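Take a look at the letters that make up each chain.
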Amino acid sequence: MAAQLHQFICLSDNFGVLVHDPETGATATIDAPEAAPILAALDEKGWTLTDILVTHRHGDHIDGIPGLKARFPEARLVVPVLEAAQIAEVAGKADLEVREGDEVKIGSLTAHVIETPGHTVGHIVYFFSEEELLFAGDTLFALGCGRVFETSMTVMWESLVKLASLPQETRVHCGHEYTQANARFALTVDPENVLLRNRANEIDAQRERGEATLPTTIALELATNPFLRAEDPLVQAAVGMSGADPAAVFAELRTRKNKA
């Protein structure tokens, strides 16, 4: 039986997502920006929280954990091994620390852990291969990527290349609703991309209607996200780096976006 998802907004622009296994009743939250909206979503769906899957240690992804554990003390806390100590300062000791190649069971569902350092050094994502679902945290955004705080730009580029190699039909859920701003920047560095222009127009319409712009897909990001297109000659030419190492082109794109 297919996984059931429920997506909603936490804080101002963080996404909350619940992943529910109807076969067993298990339910995971992907990160925990704040407790109240997650608890309200659980109540709305009539689901019991069994797991908290953390992508990285930033407060807007973990500050809601104590409130969730107060209501659901048996919920299992799963965290990246490289950030377990920092997360414990906010959320207490994790039940499971995971790294590249580990699997996490949510009832009958299986998440594969992929390490994607860059935004933070220990950042991980969760890939449910059977369901073709990726929870990318703050590594990959629709039409964008996370700021690079704790590694080199090359390390972040390599993390994005990992995600770009996943099956193209994979549905991608990201940590934030940044898509409209990302589209505006993408058009400055990939102005001849007709698919991007059409997508930007649809995003504007979605936001005008108050709709979320996620999930996206790996295929759509490969076609329109400049941070996954650093090898593309048109993107390289747009930033004056024709023939350059894609990692260097990515670094230039990320630097420009930081200033946008």
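Refer to the preceding data block for the structure.
Everything in this summary refers to the structure shown in the same document. (Residues numbered from 1 in each chain as written. Predicted model: local features only at pLDDT ≥ 70, side-chain atom pairs only at ≥ 80, totals over all residues. Heavy atoms only, no water.)

1. Digging into the packing of aromatic side chains
- Per the counting criterion, the structure on display carries five aromatic pairs.
- Consider the rings of F128 and F135, whose centres lie 5.8 Å apart with planes at 85 degrees: the pair is edge-to-face. Note on accessibility: F128 and F135 belong to one class, buried.
- Ring centres of F141 and Y178 lie 5.1 Å apart, and the angle between their planes is 75 degrees; on these two criteria the pair is classed as edge-to-face. Of this pair, F141 sits in strand β11 (residues 140-141) while Y178 sits in the loop between β13 (171-173) and α6 (179-189), placing them 37 residues apart in sequence.
- On the accessibility criterion, Y178 (31% relative accessible area) is partly exposed.
- Ring-pair connections join several aromatic residues into one group, and the members of that group are W157, F185, F227 and F250. (Phe/Tyr/Trp six-rings, centres within 6.5 Å; stacked < 30°, edge-to-face > 60°. Buried < 20%, exposed > 50% of the residue type's maximum accessible area, 1.4 Å probe, protein only. Helix = DSSP H or I, 4+ residues; strand = E, 2+ residues; numbered from the N terminus.)

2. Brief notes about the pairing of strand β5 (residues 76-80)
- Most of β5 is tucked away: four of the five residues are buried.
- Direction of pairing for β5 relative to strand β6 (residues 96-98): parallel, over a ladder of three bridges. Across the sheet, residue V79 finds its bridge partner in β6, namely E97.
- Where the polypeptide runs from β5 across helix α4 (residues 84-91) and back to β6, its parallel neighbour, the crossover connection is right-handed. (Pairing = 2+ DSSP bridges. Right-handed = clockwise from strand over helix to strand, strands pointing away.)

3. Focus: the packing of α6 against helix α10 (residues 246-259)
- Running from amino to carboxyl end, α6 crosses α10 at an angle of 130 degrees, the nearest separation of the two axes being 11 Å. With respect to α10, the element α6 is oriented oblique. Classified by chirality, the crossing of α10 by α6 is right-handed. Between α6 and α10, the contacting residues are N182, F185 and V189 on the first element and L253, R256 and K257 on the second.
- Looking at the contact of α6 with α10, its residues break down into three nonpolar, one polar and two charged. (Axes fitted to C-alpha atoms, helices over the stretch in contact; angles between N-to-C directions. Parallel < 35°, antiparallel > 145°, perpendicular 65-115°, else oblique. Left-handed = near helix turned anticlockwise from the far one by under 90°. Contact = heavy atoms within 4.5 Å. Nonpolar A, V, L, I, M, F, W, Y, C, P; charged D, E, K, R; others polar.)

4. Some points on the pairing of strand β2 (residues 14-20)
- Across the seven residues that make up β2, a large majority, seven, are buried.
- Residues N14, G16, L18 and H20 point to one face of β2 and F15, V17 and V19 to the other, with burial holding for every one of them.
- Relative to β2, strand β1 (residues 4-10) runs antiparallel, the two sharing seven bridges. Opposite F8, over in β2, you have G16 as the bridge partner.
- Hairpin geometry of β1 and β2 is characterised by an intervening segment of three residues between the two adjacent antiparallel strands and by a positive phi of about 50 degrees at L11.
- Across three bridges, the pairing between β2 and strand β3 (residues 27-30) is antiparallel. Residue pairing across strands places L18 opposite T29, the latter belonging to β3.

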